[in-house]
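Read off the chains here:
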Amino acid sequence: MNAVRLERRDQILVITLDRPKANAIDVATSLELYAAFQELDQDPDLRVGIITGTGRFFSAGWDLNAANEGEAADAHHGPGGFAGLTEYWHLTKPVIAAVNGMAVGGGFELALAADLIVASCDARFWLPEVQLGILPDSGGLLRLPRALPPRLAREMILTGRRIDASEALSHALVSRVVEPGDLLACALELAAGIARGA
């Protein structure tokens, strides 16, 4: 079963991470996500991408089960980097992260790699890597201090502190916060406005 579902909505490509229970990302899933972002990049009929998840997690980040089965921490996740987007430097079309729940570790870094973030009111964001003795090395160390006040970003990186959707909105980490059932519609409305101006 594919971990990534694609749906075209006019000029918008909706990319849904569907890997129960926590939408954790292994190398194979990273490669699937990269293929989706590459389709967005290369198709002239597409103007905007939306990345979202199913269930309670936007994404729990790196798949620790895959790690337990031998996938190395420094495994090559493909040309787009972890989750297909964190190192996709030449992507020329905007991506909206529609964060439907918990964005944890690499899942938070995936959201940070997007151009805009909209969130459901029950979304939570955090980088737990410090508690595991590792670094958030898929862009979190660089992107988070640019997205939040530097001292708050440092606190999150150094302690694993969590923020909820309302705090994320108060610091402009996210553009909009909506009820869970309205999240995709909100992202599509925003994407349609971008597509009209593209």
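The structure displayed is predicted, hence computed values, not measured ones.

Caption draft 1: Geometry of the nonpolar core. Of all hydrophobic cores here, the largest spans 45 residues; its most connected members are L33, I51, V99, F108, F125, L144 and L173. Mapped onto this core, the elements with two or more residues apiece are β2 (12-17), α1 (27-42), β5 (95-99), α3 (106-113), β7 (116-120), α6 (150-159) and α7 (165-170). Those residues in contact with L33 that lie beyond four places of it in its chain are V4, I15, L17, I25, I51, A83 and G84. One finds I50, I96, A191 and A195 within the second-largest nonpolar core, a separate group that totals 14 residues.

Caption draft 2: Main features of the state of the cysteines. Following the criterion strictly, the structure yields zero disulfides and no others. Unpaired in this structure, C121 has its nearest cysteine sulfur neighbour in C186, at a distance of 12 Å. For C121, a relative accessible area of 36% translates into the label partly exposed.

Caption draft 3: Focus on α3. Judged by how many residues are buried, α3 sits mostly within the fold: eight of eight residues are covered. Within the span of α3, buried status applies to G106, G107, F108, E109, L110, A111, L112 and A113.

Caption draft 4: Main features of the packing of α3 against helix α5 (residues 140-147). Direction vectors running N to C along α3 and α5 enclose 55°, while the axes themselves pass 10 Å from each other. Classified by the angle between their axes, α3 and α5 sit oblique to one another. Crossing of α3 against α5: the hand is left-handed. Along its contact with α3, which presents F108, E109, L112 and A113, the element α5 presents G140, R143, L144 and A147. Looking at side-chain class alone, the contact of α3 with α5 contains five nonpolar, one polar and two charged residues.

Criteria and thresholds
In this convention, every chain numbers its residues from 1, walking through the sequence in written order. It should be noted that, the model being predicted, local features are given only for residues of pLDDT at least 70 and side-chain atom pairs only at 80 or more, the latter also being counted only at that level, while totals for whole chains, interfaces and linings use all residues. Side-chain measures here rest on the full set of heavy atoms in the structure, leaving out hydrogens and waters. Working definition of a nonpolar core: buried Ala, Val, Leu, Ile, Met, Phe, Trp, Tyr and Cys residues. They are joined through side-chain atoms within 4.5 Å. Exposure categories follow from relative accessible area, calculated using a 1.4 Å probe and restricted to protein chains: below 20% of the type maximum is buried, above 50% is exposed, and the middle band is partly exposed. In this text, helices come from DSSP runs of H or I with a minimum length of four residues, and strands from runs of E with a minimum of two, each type numbered from the N-terminal end. Whether two residues are in contact is decided by their heavy atoms, any of which lying within 4.5 Å being enough. Note on terminology: pairs of cysteine sulfur atoms within 2.5 Å are recorded as disulfides. Every axis corresponds to a line fitted to the C-alpha atoms, with the helix fit spanning only the stretch in contact, and the corresponding angles, defined between N-to-C directions, vary from 0 to 180 degrees. Under this scheme an angle from 65 to 115 degrees is roughly perpendicular, one under 35 degrees roughly parallel, and one over 145 degrees roughly antiparallel; angles in between are oblique. Take the far helix as your reference; a near helix turned counterclockwise from it by less than a right angle gives a left-handed crossing, and one turned clockwise gives a right-handed crossing. Each residue is assigned to one of three groups, with Ala, Val, Leu, Ile, Met, Phe, Trp, Tyr, Cys and Pro labelled nonpolar, Asp, Glu, Lys and Arg labelled charged, and all others, Gly among them, labelled polar.

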